[in-house]
Amino acid sequence: MLKALITDIDGTITGPDRRIHTGAIETIRSLVDDGVEVVLASGNASCLMDALCKMIGTKGTFIAENGGVYRIGFTGTPRIIGGQKAVRIALDAIQAHFSRKGVELNLYSPTYRFADLAFARTVAVEEVREVIRDHPVQVIDTGFAIHLQTPGISKGTTLVMLAEALGLKPEDFLAIGDSVNDTRMIQVAGIGIAVANAHPDTKAAADYVTKEPYGNGFVEGVKKYSSYFRAR
Ligand SMILES: O=C(O)COP(=O)(O)O
Ligand SMILES: [Mg+2]
């Protein structure tokens, strides 16, 4: 019934401190060794996703920038979904607003981002939304960073494209995540799991909410549905 797993990174296979859970790594490696397609999906930049694929030991397929970029395997050409022009204009407006208040944004990997832009949660996300309310840009607070992105793009919408590129259907996936940037992915997948520390909206969209938080929740959730991979 399930042929693939797509998993969020921060807050799902990591703790709140972003340290990766070693049990989650072992669980992913077991799935890969059993021939299950494992896709890493994150708001993080592509270069980090490439490294995570290599170091965890998947086959290299990832979604980065909350769906703004995806790549099939280690040799695929990264595909950029949506443009960054409006996002850059919005960021300029936000930086100007906070600079007038003596506050500088801490940008996350701006040189290595091609679709969205992200910065530390050192400013109020509602103030960010107010500053760019007239811009065609969505503001996403993942609990780990604030992202500016083209409206309509998410890990879920990009999962649909990526599944087709893999010769799969979104229903073939088990999806697991912790935050609002995972909600759409959890909805379109065949089975969606939210870890115990997940955002209430993400839990509401899930088929199952784990009892354990963070990496222990990932291990619990995958274990609960492991027989669905063998029923292929
Ligand atoms: O990049 C972020 O803000 C959070 O990353 P995640 O999507 O892997 O949780
Ligand atoms: Mg997360």
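Definitions and limits used
- Residues numbered from 1 in each chain as written.
- Chains lettered and ligands numbered in written order.
- Predicted model: local features only at pLDDT ≥ 70, side-chain atom pairs only at ≥ 80, totals over all residues.
- Heavy atoms only, no water.
- Disulfide = S-S within 2.5 Å.
- Buried < 20%, exposed > 50% of the residue type's maximum accessible area, 1.4 Å probe, protein only.
- Phe/Tyr/Trp six-rings, centres within 6.5 Å; stacked < 30°, edge-to-face > 60°.
- Helix = DSSP H or I, 4+ residues; strand = E, 2+ residues; numbered from the N terminus.
- UniProt positions renumbered as here; feature names shortened; annotations may be inferred.
- Core = buried A, V, L, I, M, F, W, Y, C linked by side-chain atoms within 4.5 Å.
- Contact = heavy atoms within 4.5 Å.
- Pairing = 2+ DSSP bridges.
- Right-handed = clockwise from strand over helix to strand, strands pointing away.

1. Quick look at the state of the cysteines
Two cysteines joined by a covalent bond between their sulfur atoms form a disulfide. All chains considered together, the criterion is met by 0 disulfides. C47 carries a free sulfur, and the closest cysteine sulfur to it, the one in C53, is 12 Å from it. Assessed through its relative accessible area of 41%, C47 is described here as partly exposed. Here C53 falls in the buried class, since its relative accessible area comes to 0%.

2. Side note on the packing of aromatic side chains
Scanning the model with the defined rule gives 2 aromatic pairs in all. Measuring from ring centre to ring centre gives 6.2 Å for Y208 and Y225, while their planes differ by 75°; the resulting arrangement is edge-to-face. Placement of the pair is Y208 in strand 11 (residues 208-209) and Y225 in the loop between helix 8 (214-224) and helix 9 (226-230), with a sequence separation of 17 residues. For Y208, a relative accessible area of 14% gives the class buried.

3. Re the UniProt feature "active site" (unreviewed entry) in the chain
Annotation from UniProt places "active site" (unreviewed entry) at D8. Note that D8 resides in the loop between strand 1 (4-7) and helix 1 (22-33).

4. Points about the nonpolar core
L5, I28, L40, L174 and F218 are the most contacted members of the largest nonpolar core, which totals 29 residues. Elements with a minimum of two residues in this core: helix 1, strand 2 (37-41), helix 2 (46-56), strand 3 (62-64), strand 9 (173-177), strand 10 (191-194) and helix 8. With 5 residues, the single largest contributor to this core is helix 1. In contact with L40, not counting residues within four places along its chain, are T7, I9, I28, M49, L52, C53, I56, T58, T61, F62 and I63.

5. Details of the pairing of strand 2
Burial within strand 2 is extensive, with 5 of its 5 residues counted as buried. Residue alternation in strand 2 divides its side chains into two sets, E37, V39 and A41 and V38 and L40, and both sets are buried. Examined bridge by bridge, strand 1 and strand 2 share 4 bridges and lie parallel to one another. Within strand 2, the position partnered with I6 by the bridge is V39. Judged from the 2 bridges that link them, strand 2 and strand 3 form a sheet pairing that is parallel. By the bridge assignment for strand 3, A41 is matched with I63. Note that the unit made of strand 2, helix 2 and strand 3 has a crossover that is right-handed.

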